[in-house]
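Residue-level listing of the chains:
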Amino acid sequence: MATKIRLQRGGRKGYAFYRIVIADSRAPRDGKFTEKIGTYNPNTNPATVDLDFDRALYWVETGAQPTATAHNILKGEGVYLMKHLRGGVKKGAFDEATAQKKFDAWKENKQNGLNSVRENEAKEKSAAAAKELEAEKKINEAIAKKVAEKKAAEAAAKAEAEAAANAEAAEAPAEA
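The notes below deal with the structure included here. (Residues numbered from 1 in each chain as written. Predicted model: local features only at pLDDT ≥ 70, side-chain atom pairs only at ≥ 80, totals over all residues. Heavy atoms only, no water.)

## Quick look at the overall build of the protein chain
1) Next: A count of helices and strands for the protein chain gives four helices and five strands.
2) Next: Counting from the amino terminus, the protein chain carries its helices and strands in the arrangement β-β-β-β-α-β-α-α-α.
3) Next: What you see for the protein chain is a C-alpha radius of gyration of 35 Å, clearly larger than the 16 Å of a compact globule of 176 residues, by over 25%.
4) Next: Across its three principal axes, the protein chain shows a C-alpha extent of roughly 125 × 40 × 20 Å.
5) Next: Residue pairs at least 24 apart in sequence account for 36% of intrachain contacts in the protein chain once pairs closer than 6 positions are excluded.
6) Next: Accessible surface, the protein chain: about 12500 Å² in total, of which carbon and sulfur atoms supply 53%. (Helix = DSSP H or I, 4+ residues; strand = E, 2+ residues; numbered from the N terminus. Rg over C-alpha atoms; globule rule 2.2 N^0.38 Å. Contact = heavy atoms within 4.5 Å. Areas by Shrake-Rupley, 256 points an atom, 1.4 Å probe, with all protein chains shown as cover.)

## What about the pattern of salt bridges?
1) Next: Counted by the stated rule, this structure contains five salt bridges.
2) Next: The salt bridge involving Glu61 is made with Arg86; its shortest N-O contact spans 3.1 Å. One end of the pair, Glu61, is in helix 1 (residues 53-62); the other, Arg86, is in helix 3 (residues 79-91), and 25 residues separate them in sequence. (Salt bridge = Lys/Arg side-chain N within 4 Å of Asp/Glu carboxyl O.)

## A short note on the sheet that holds strand 1 (residues 3-12)
1) Next: Spatial strand order, 4-3-2-1-5: five strands in an open sheet with mixed pairing. Bordering the open sheet on either side are strand 4 (48-51) and strand 5 (65-66), each of which pairs with just one other strand.
2) Next: Direction of pairing for strand 1 relative to strand 5: parallel, over a ladder of two bridges. From the neighbouring strand, Lys4 faces strand 5, where its bridge partner is Gln65.
3) Next: Lying on the sheet, helix 2 (residues 68-77) is in contact with strand 1, strand 2 (15-24), strand 3 (35-41), strand 4 and strand 5; it crosses strand 1 at an angle near 95°. (Pairing = 2+ DSSP bridges. Axes fitted to C-alpha atoms, helices over the stretch in contact; angles between N-to-C directions.)

## Description of the environment of Asn41
1) Next: Here Asn41 is to be found in strand 3.
2) Next: Those residues in contact with Asn41, other than ones at most four positions away along the chain, are Tyr15, Ala16, Phe17, Ala47 and Thr48.

## Points about the nonpolar core
Burial of nonpolar side chains together is a common tendency in soluble globular proteins.
1) Next: If you look at the biggest cluster of nonpolar residues, it comprises 20 residues, and the most contacted ones within it are Ile5, Ile20, Ile37, Leu51, Leu74 and Val79.
2) Next: Counting only elements with at least two residues in this core, the list comes to strand 1, strand 2, strand 3, helix 1, helix 2, helix 3 and helix 4 (96-175).
3) Next: For this core, the leading source of residues is helix 1, giving four residues.
4) Next: Apart from residues lying up to four places away in sequence, Val79 is in contact with Leu51, Phe53, Ala56, Leu57, Val60 and Leu74. (Core = buried A, V, L, I, M, F, W, Y, C linked by side-chain atoms within 4.5 Å. Buried < 20%, exposed > 50% of the residue type's maximum accessible area, 1.4 Å probe, protein only.)

## Remarks on the side chain of Asp24
1) Next: Its place among the elements puts Asp24 in strand 2.
2) Next: On the accessibility criterion, Asp24 (17% relative accessible area) is buried.
3) Next: Within the structure, the side chain of Asp24 is placed 2.9 Å from the side chain of Arg26, a separation counted as a polar contact. (Polar contact = N/O pair within 3.5 Å; in protein donor to acceptor, adjacent residues only side chain to side chain.)

And the structure:
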């Protein structure tokens, strides 16, 4: 039986969400599968991957063939690096502790990269929000200035009308 590691689509139209599954190569994409080893959400930035690392490593070492996207996901999570390091341990190039240390260093470096991407995105988002707020303040100031000018003009017109009325009232008793 040819076993594949592939993605099984879920989610609504236009918002895909995938399960990473082990399936017979003859089974349909969203059909029967042997085991679910994780999930993949491409809608977040960076994409979110939740993977059962040990099971994925087991299936890769057993000979399950991943699809192109599944291969990229497994590579990004370090499954192929660990397979490579375990091969070095089997050949006697280094011991298990050294392999684990190398893997942990790689994983930490990758995590730092992801954190920097998230921080940069948060900074860009806050800068855009600040810029938008500043533009809104300018618009509000312009509107307030127009309203103040309009009220001043109305007050001046009212004062002129009152002055004219007072002048008429002052002239009217003098004539009587």
